Amino acid sequence: MVGIVSYGTYIPAYRIKAEEIARIWGENAESIKSGLGVYEKAVADIDEDTATISVEASREALKRCGIPSEEIKAVFVGSESHPYAVKPTATIVAEAIGANRFCYAADLEFACKAGTAGMQICVAMVKAGMIKYGLAVGADTSQSSPGDALEYSAASGGAAFIIGENETIAEVKDTLSFTTDTPDFWRREGMPYPSHGGRFTGEPAYFRHVYTAAKEIMKRNNLSPEDFSYAVFHMPNGKFPTRVARMLGFNSEQIEQGLVVRRIGNTYSGSSLLGFSAVLDVAKPGERILLTSFGSGAGSDAFIFEVTENIESYPREPKVWEKIERARYIDYGLYAKLRKKIRMV
């Protein structure tokens, strides 16, 4: 069976607390934290972008499994903050990790589900016999307008997955996507910050797509929430994934391990994948995992994974939650400088 052969993650060390952002804008930090379920977020340094995050995560994935880098013959990088408007990130990553020069490579964009879209492509290519191993990355250094509610959650980070059919640690039992044209969130060419539809981003966008995709994949596999050890949903904040989990019938114990958003914010294309990585850090053979991403615009990719015995000998250190604890807190001034919110005219 085709599945995850290895994975790697990268979370920037810098963090900014919700209290610090609220202090600048004269808002109530406790109300913000209670409303969003986000207490602090990861902030990319001045020399960190989607390319560097992707490279670091990919190198960790390769190091953990020992696969020769030249056996990677497909590289897909999903993000909505690629460093270049015209210049692929995938080629940078492929070159940096030493992937085979006869390599399929492309950048993907579908808001926060571009990384899982890359996973689906790699799964299909491996099944078709086109490649032996493919690399799918979801990474972002997300943007937020100063003073916007997004500023409390828009964060930086990413995860990389090597897909193959040999020595898999988690098999892909099934995957499907649910897609509609729902404009809940957008950023036009040349605009520095995105716009969003406020409450419109909830019911018709996030909840409709995540719920429908997760419900359908369980239905067609004759599975119920009780058949899963873990469930991971896209995390735009801490409230949405916990609510959709309840709607689907999952309990808090099934989602808590992957609920990284409270401590690092919404890493967009890396969000559900970092949560999934945190689950793989502790998963045991035979356990099932439901992963459902979400991308504004809008769509969801759902996966059913089953953990294999290979996970027991797979090196899983350092774990995602250990990386989360390695935090260096900064003030709003440095945050504004690093995220280039100070614009000279």
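First, a word on what this report is: a plain description of the structure on this page. (Residues numbered from 1 in each chain as written. Predicted model: local features only at pLDDT ≥ 70, side-chain atom pairs only at ≥ 80, totals over all residues. Heavy atoms only, no water.)

1. Description of the pairing of strand 7 (residues 156-164)
Counted residue by residue, strand 7 has nine buried out of nine residues, so it is predominantly covered. In strand 7, alternate side chains face the same way, and those of Ser156, Gly158, Ala160, Ile162 and Gly164 on one face and Gly157, Ala159, Phe161 and Ile163 on the other are all buried. By the bridge criterion, seven bridges tie strand 1 (residues 3-10) to strand 7 in an arrangement that is antiparallel. Each residue of the ladder has a partner; that of Ser6, found in strand 7, is Ile162. (Buried < 20%, exposed > 50% of the residue type's maximum accessible area, 1.4 Å probe, protein only. Helix = DSSP H or I, 4+ residues; strand = E, 2+ residues; numbered from the N terminus. Pairing = 2+ DSSP bridges.)

2. Section: unusual backbone geometry
Cis peptide bonds are those with omega within 30 degrees of zero, and the linkage from Gly297 to Ala298 qualifies with 15°. With respect to the helices and strands, Ala298 occurs in strand 13 (residues 297-307). With phi around 55°, Glu167 is a residue other than glycine that occupies positive phi space. Take Glu167: it is sitting in the loop between strand 7 and strand 8 (170-182). The exposure class of Glu167 is exposed, given its relative accessible area of 59%. Its identity as a non-glycine residue notwithstanding, Lys340 has a phi of 55°, on the positive side. Position of Lys340 relative to the elements: it lies in the segment after helix 12 (332-338). Note on Lys340: relative accessible area 49%, which makes it partly exposed.

3. Some details on the side chain of His234
Mapped onto the elements of the fold, His234 is located in the loop between strand 11 (230-233) and helix 7 (239-248). Each residue touching His234, except ones within four places of it in the same chain, is listed here: Cys112, Tyr206, Pro241, Asn266, Tyr268, Ser271, Ser272, Thr292, Ser293 and Phe294. (Contact = heavy atoms within 4.5 Å.)

4. Some details on the sheet that holds strand 3 (residues 40-43)
The three strands are arranged 3-2-14 in an open sheet whose pairing can be described as mixed. The open sheet is flanked by strand 3 and strand 14 (328-329), the only strands paired with a single partner. Judged from the four bridges that link them, strand 2 (residues 14-17) and strand 3 form a sheet pairing that is antiparallel. Bridge pairing links Ile16 to Lys41 in strand 3. Lying over the sheet, helix 1 (residues 18-25) contacts strand 2 and strand 3, oriented at roughly 55° with respect to strand 2. (Axes fitted to C-alpha atoms, helices over the stretch in contact; angles between N-to-C directions.)

5. Re the nonpolar core
In this structure, Ile4, Phe161, Ile289 and Phe305 are the most contacted members of the largest nonpolar core, which totals 47 residues. At seven residues, helix 5 (residues 114-127) tops the list of elements feeding residues into this core. Other than its neighbours up to four places away in sequence, Ile4 contacts Met119, Phe161, Ile162, Ile163, Thr168, Ile169, Ala170, Phe276 and Phe305. Core analysis: the second largest hydrophobic core is formed by 24 residues, Ala205, Ala214, Leu223 and Val244 among them. (Core = buried A, V, L, I, M, F, W, Y, C linked by side-chain atoms within 4.5 Å.)

Nothing here speaks to function; it is geometry throughout.
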